[in-house]
Amino acid sequence: MKSGLVRRRTVAELAKVDHALARSVAEGFGVPLPDHDPAAAEHKATSPALSLESLGGDGSIRTRQVAVLGVEGMDAVQLSSVRAELEEQAAVVEVLALTASEATGVDGNPCVVDRALPTVASCLYDAVLIPGGPVRAPHLSDTAYPRFLQDA
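Summarised in this report is the structure supplied together with it.

Reading the values: the criteria
- Residues numbered from 1 in each chain as written.
- Predicted model: local features only at pLDDT ≥ 70, side-chain atom pairs only at ≥ 80, totals over all residues.
- Heavy atoms only, no water.
- Phe/Tyr/Trp six-rings, centres within 6.5 Å; stacked < 30°, edge-to-face > 60°.
- Lys NZ or Arg CZ within 6 Å of the ring centre and 35° of its normal.
- Salt bridge = Lys/Arg side-chain N within 4 Å of Asp/Glu carboxyl O.
- Helix = DSSP H or I, 4+ residues; strand = E, 2+ residues; numbered from the N terminus.
- Buried < 20%, exposed > 50% of the residue type's maximum accessible area, 1.4 Å probe, protein only.
- Core = buried A, V, L, I, M, F, W, Y, C linked by side-chain atoms within 4.5 Å.
- Contact = heavy atoms within 4.5 Å.

Taken as a whole, this structure holds 1 aromatic pair when the rule is applied. The aromatic ring of Phe-29 is capped on one face by Arg-7, whose charged end is 5.8 Å from the ring centroid.

Before going further, it helps to examine the pattern of salt bridges. The full count for this structure, using the stated rule, is 4 salt bridges. In this structure, the salt-bridge partner of Glu-94 is Arg-115, at a minimum N-O distance of 3.1 Å. Of this pair, Glu-94 sits in strand S2 (residues 92–97) while Arg-115 sits in strand S5 (residues 115–116), and the two are 21 residues apart along the sequence. Take Arg-115: its relative accessible area is 36%, and that puts it in the partly exposed class. The network of salt bridges with shared partners includes Arg-83, Glu-87 and Asp-114.

Right, let's talk about the nonpolar core for a bit. Ranked by size, the top nonpolar core spans 22 residues in total, and within it Leu-96, Leu-117 and Phe-148 carry the most contacts. Apart from residues lying up to four places away in sequence, Phe-148 is in contact with Ala-67, Leu-69, Leu-96, Leu-117, Val-120, Ala-121, Ser-122, Tyr-125 and Val-128. By size, the runner-up hydrophobic cluster in this structure holds 5 residues, among which are Val-11, Ala-22, Ala-26 and Val-31.

Along the polypeptide, Val-77 turns up in helix H4 (residues 76–88). Taking the C-alpha atoms as reference, Val-77 lies 9.6 Å from Pro-110; in sequence the two are 33 residues apart. Beyond its immediate chain neighbours, meaning those up to four positions away, Val-77 contacts Asp-107 and Asn-109.

Right under this line is the structure:
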C-alpha cells in the first residue's frame, strides 16, 4: 500500500476514540495526525446490551466453564469429587490433557479426558482447576500447560 490511505483512515478513526493513541500510531505509521476534535473523543455513549455489568447474574456458578488440567499423577479421587460438586451446581467441567484419552491418577484410577489441551484456548473458560497429587514433572514441562496457564 504505497498511498497510505488505509493507515491515514485508521489513525483518523483512532483519533475519534483516543487522540493520544492516534498520535502514537500515526508516528509509527509515518502518517500525519488529523486535527484534534475534542467532541469526538468525549463521547460517553454506553449500551447496556453490550455491558457485562448489566448482566449481574445470581452469583452462582451455573453455566460457568471450568477447565481441569488432567496430568498423569493427579489425585483422581479429588478430581472426581470436585467435578461432581461443580456439576451439581450446574457448572460445565471439562478435563484437559495433552491428548484426548485417559489420564491416570496417582492411585491408578483413570480419569476421562474431555479435550486435548493443544486444541483449546484458556479464554474459553471462566476458571482453571489444577488437581492435587504428586504430579510428575515431565508431564508439566510440556509447553502446552504453561502456555494455557499463562494465557488464562
